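Here are the chains, one letter per residue:
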Amino acid sequence: IKDGLVIRLSGNLEINGATRLWDDVSILVGDDARFFIFDFTDVPIVTSAGIGTLVRLLVRLQGFGGSLAIFGCSDKICEVFEIVMLRDILQVCDSEEEARARLI
């Protein structure tokens, strides 16, 4: 059973938030931490910098045979992921339970 590490984000995921996210999370990735679940409940805005960081993290996790999933997005953020055609790739889910179930 793959147990995902839940990371609860808060604040805007723009250039500064994206840099902090990469600095804080990329060092956790490894054989023992390959599955991440991001809680976007308290994230009001995501920019291209934030999206780029999430894709970089996904690629790094896939290098260890892992993946990530996201839940708790506002309608606005879900629409952004839809527009950039990453909703399925980043496994954007409606709930933490669904996100956990989608980790492969």
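Our structure is the block above this text.
Given the structure is predicted, the values throughout are model-derived calculations rather than measurements.

A word on the pairing of strand 1 (residues 5–10)
One ladder, built from 5 bridges, connects strand 1 with strand 2 (residues 35–42); its direction is parallel. Bridge assignment links arginine 8 to a residue of strand 2, and that residue is aspartate 39. Remark: the strand 1/helix 1 (residues 15–25)/strand 2 crossover connection has right-handed handedness.

Considerations on the nonpolar core
Core analysis: the largest hydrophobic core is formed by 27 residues, its most contacted members being Phe38, Phe40, Ile70 and Phe81. When contributions to this core are tallied by element, the ones reaching two or more residues are strand 1, helix 1, strand 2, helix 2 (48–63), strand 3 (67–71) and helix 3 (75–83). Here the element with the most residues in this core is helix 2; it accounts for 5 residues.

Re the environment of glycine 52
Inspection of the secondary structure assignment puts glycine 52 in helix 2. Residues glycine 52 and alanine 101 lie 49 residues apart in sequence; the distance between their C-alpha atoms is 24 Å.

Digging into a nonpolar patch on the surface
A surface patch of nonpolar side chains, amounting to about 290 Å² of accessible area, comprises Leu5, Ile27 and Leu28. Tracing the backbone through its elements, the reader meets isoleucine 27 in the loop between helix 1 and strand 2. Under the relative-accessibility criterion, isoleucine 27 is labelled exposed at 66%.

The rules behind these values
- Residues numbered from 1 in each chain as written.
- Predicted model: local features only at pLDDT ≥ 70, side-chain atom pairs only at ≥ 80, totals over all residues.
- Heavy atoms only, no water.
- Pairing = 2+ DSSP bridges.
- Helix = DSSP H or I, 4+ residues; strand = E, 2+ residues; numbered from the N terminus.
- Right-handed = clockwise from strand over helix to strand, strands pointing away.
- Core = buried A, V, L, I, M, F, W, Y, C linked by side-chain atoms within 4.5 Å.
- Buried < 20%, exposed > 50% of the residue type's maximum accessible area, 1.4 Å probe, protein only.
- Patch = residues over 30% accessible without salt bridge, like charges linked within 9 Å, V, L, I, M, F, W, Y side chains within 5 Å.
- Areas by Shrake-Rupley, 256 points an atom, 1.4 Å probe, with all protein chains shown as cover.
- Salt bridge = Lys/Arg side-chain N within 4 Å of Asp/Glu carboxyl O.

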